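An overview of the molecular structure
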Amino acid sequence: TRALKAVLQVPETDVRAVAVGMRAKADAGGGASWGRVARIAPAAQNGAVAVDVTFAKLPGGARPDASVDGVVEIARVANAVSLARPAAASDGSALDIFKVVDGGTRAVRVRVRLGTGSSDRVQVVSGLAPGDVAIVSDTSAFADQSEVRLR
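To keep things clear, this report deals only with the structure shown in the data block.

Calculation criteria
- Residues numbered from 1 in each chain as written.
- Predicted model: local features only at pLDDT ≥ 70, side-chain atom pairs only at ≥ 80, totals over all residues.
- Heavy atoms only, no water.
- Phe/Tyr/Trp six-rings, centres within 6.5 Å; stacked < 30°, edge-to-face > 60°.
- Lys NZ or Arg CZ within 6 Å of the ring centre and 35° of its normal.
- Helix = DSSP H or I, 4+ residues; strand = E, 2+ residues; numbered from the N terminus.
- Buried < 20%, exposed > 50% of the residue type's maximum accessible area, 1.4 Å probe, protein only.
- Polar contact = N/O pair within 3.5 Å; in protein donor to acceptor, adjacent residues only side chain to side chain.
- Pairing = 2+ DSSP bridges.
- Axes fitted to C-alpha atoms, helices over the stretch in contact; angles between N-to-C directions.
- Salt bridge = Lys/Arg side-chain N within 4 Å of Asp/Glu carboxyl O.

Bringing the packing of aromatic side chains into the picture now. Under the criterion given, the structure shown has 0 aromatic pairs. Directly above the aromatic system of Trp-34 lies the positively charged group of Arg-23, at a separation of 3.9 Å from the ring centroid.

What follows is the structure, encoded as structure tokens:
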């Protein structure tokens, strides 16, 4: 079982940032373990590229043909403020979102500038501070509102 590897399916639009030797984490359902990218397939299949990850210590629950969830660490930004990626938010863009205030009774529109991110999280360069709570779901129904009351 020492020869087991995780094969992550990375969207072909994201794989250009992946390199052999990068740290990667995989979870087979019994706990996550860190490993290294050992191989990147030369071609995409069904819109994804197979990325092989090997481990010094296998994740808990690892077995042949088990499903795994994985993440390749492309970069690490120290002391970054980040949030779940809002719908249609692209890296380096600015957008308006609602920040929760007054103990959760109101939300006010704020302009945030985004940095780089992953498929599910994005760095906030300005507009939010550590600990701020923001609404990242679709708020287009409130496009003409500067604040909303929350229940």
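Having put the structure on the table, let's press on.
By the secondary structure assignment, Asp-52 is in strand E4 (residues 48–55). Owing to a relative accessible area of 7%, Asp-52 belongs among the buried residues under this scheme. In terms of polar contacts, Asp-52 uses its side chain to reach the side chain of Lys-5, at 3.1 Å.

Here the focus is the sheet that holds E4. Spatially, E1-E4-E3-E2-E5 is the arrangement adopted by the 5 strands of the open sheet, whose pairing is antiparallel. The sheet is open, and its two borders are formed by strand E1 (6–11) and strand E5 (69–72), each paired with just one other strand. Averaged over all pairs of adjacent strands, the angle between strand axes in this sheet comes to 40°, irrespective of strand direction. Here E1 pairs with E4 via 6 bridges, running antiparallel. Note that in E4 the partner of Ala-6 across the bridge is Val-53.

Side chains bearing opposite charge may pair, as long as their charged atoms lie close to each other. Applying the stated rule across the entire model yields 9 salt bridges. Close ionic contact of Glu-73 with Arg-23 constitutes a salt bridge, the shortest N to O distance being 3.4 Å. With Glu-73 in the loop between E5 and strand E6 (81–84) and Arg-23 in strand E2 (residues 23–27), this pair connects stretches of sequence that are 50 residues apart. Assessed through its relative accessible area of 29%, Arg-23 is described here as partly exposed. Measuring nitrogen to oxygen at the nearest pair gives 2.5 Å for the salt bridge that ties Arg-106 to Asp-102. For Arg-106, a relative accessible area of 24% translates into the label partly exposed. Classification of Asp-102 as partly exposed rests on a relative accessible area of 48%. If you follow the salt bridges from partner to partner, you end up with Lys-5, Arg-39 and Asp-52 in one network.

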